[in-house]
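# Structure at a glance
Okay, here's what each chain looks like letter by letter:
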Amino acid sequence: QVQLVESGGGAVQAGGSLRLSCAASGTDLSIDNWGWYRQTPGKQRELVATLVSGGTTNHADSVKGRFTIFRENSENTMYLKMNSLKPEDTGVYYCNAIIAAGYLEYWGQGTLVTVSS
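Just so it is clear, the structure is predicted and the values come from calculations on it, not from any experiment.

This part takes up the nonpolar core. Counting 27 residues, the largest nonpolar core has Trp36, Leu80, Met82 and Tyr93 as its most contacted members. When contributions to this core are tallied by element, the ones reaching two or more residues are strand S3 (18-25), strand S4 (33-39), strand S5 (46-52), strand S7 (67-70), strand S8 (77-82), strand S9 (91-99) and strand S11 (111-116).

Take Gln39: it is sitting in strand S4. Judged by its relative accessible area of 29%, Gln39 falls in the partly exposed class. Taking the C-alpha atoms as reference points, Gln39 and Gly91, 52 residues apart in sequence, are found 5.3 Å from one another.

The next subject is the pairing of strand S10 (residues 104-107). Bridge analysis of S9 against S10 gives four bridges, and the strand direction is antiparallel. Among the inter-strand pairings, Ala97 is bridged to a residue of S10, identified as Tyr106. The loop that links S9 with its antiparallel partner S10 comprises four residues; one of these, Gly102, has a positive phi angle of about 90 degrees.

So, about the pattern of salt bridges. Throughout the structure, instances matching the rule amount to four salt bridges. Ionic pairing is found between Asp61 and Lys64, a salt bridge with its closest N-O pair at 3.2 Å. Each member of the pair, Asp61 as well as Lys64, carries the same accessibility label: exposed. One salt bridge in this structure joins Asp89 and Arg66, with 2.7 Å as the shortest N-O distance. Placement of Asp89 in the loop between S8 and S9 and of Arg66 in the loop between strand S6 (57-59) and S7 is noted, with a sequence separation of 23 residues between them. Considered together, Asp89 and Arg66 belong to a single accessibility category, that of buried residues. One connected set of salt bridges, linked through shared partners, spans Arg38, Glu46, Arg66 and Asp89.

Calculation rules
Residues numbered from 1 in each chain as written. Predicted model: local features only at pLDDT ≥ 70, side-chain atom pairs only at ≥ 80, totals over all residues. Heavy atoms only, no water. Core = buried A, V, L, I, M, F, W, Y, C linked by side-chain atoms within 4.5 Å. Buried < 20%, exposed > 50% of the residue type's maximum accessible area, 1.4 Å probe, protein only. Helix = DSSP H or I, 4+ residues; strand = E, 2+ residues; numbered from the N terminus. Pairing = 2+ DSSP bridges. Salt bridge = Lys/Arg side-chain N within 4 Å of Asp/Glu carboxyl O.

This is the structure:
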């Protein structure tokens with residue numbers, strides 16, 4: 001059983017920055033795939049960015065050049081650095097983790113990001 005806890009959300013004005021964190025606990029296995037998704041009002045949940053254990057990252061076109069997914073000297077913590085935030089970035093951001101062995105997938109409870117114009 002893996003628990004994911006997001007933090008770092010908040011309310012900012014357009015153009016501001018936030019850094020979201022996702023801390024994983026409850027497993028001795030390395031997480032193979034990390035991801036950030038968001039649920040934006042009026043839209044379906046969408047993929048924001050992914051990070052695989054080998055270091056490869058992918059970012060949605062809507063956030064390229066503004067958001068960066070990364071890990072930094074931590075086995076079980078993943079981040080999303082968000083710059084130049086726009087009102088359309090508003091939503092609940094969810095951390096996702098996949099452990100390939102056992103085909104395990106986990107979700108956090110989400111952290112709210114509100115960007116005002």
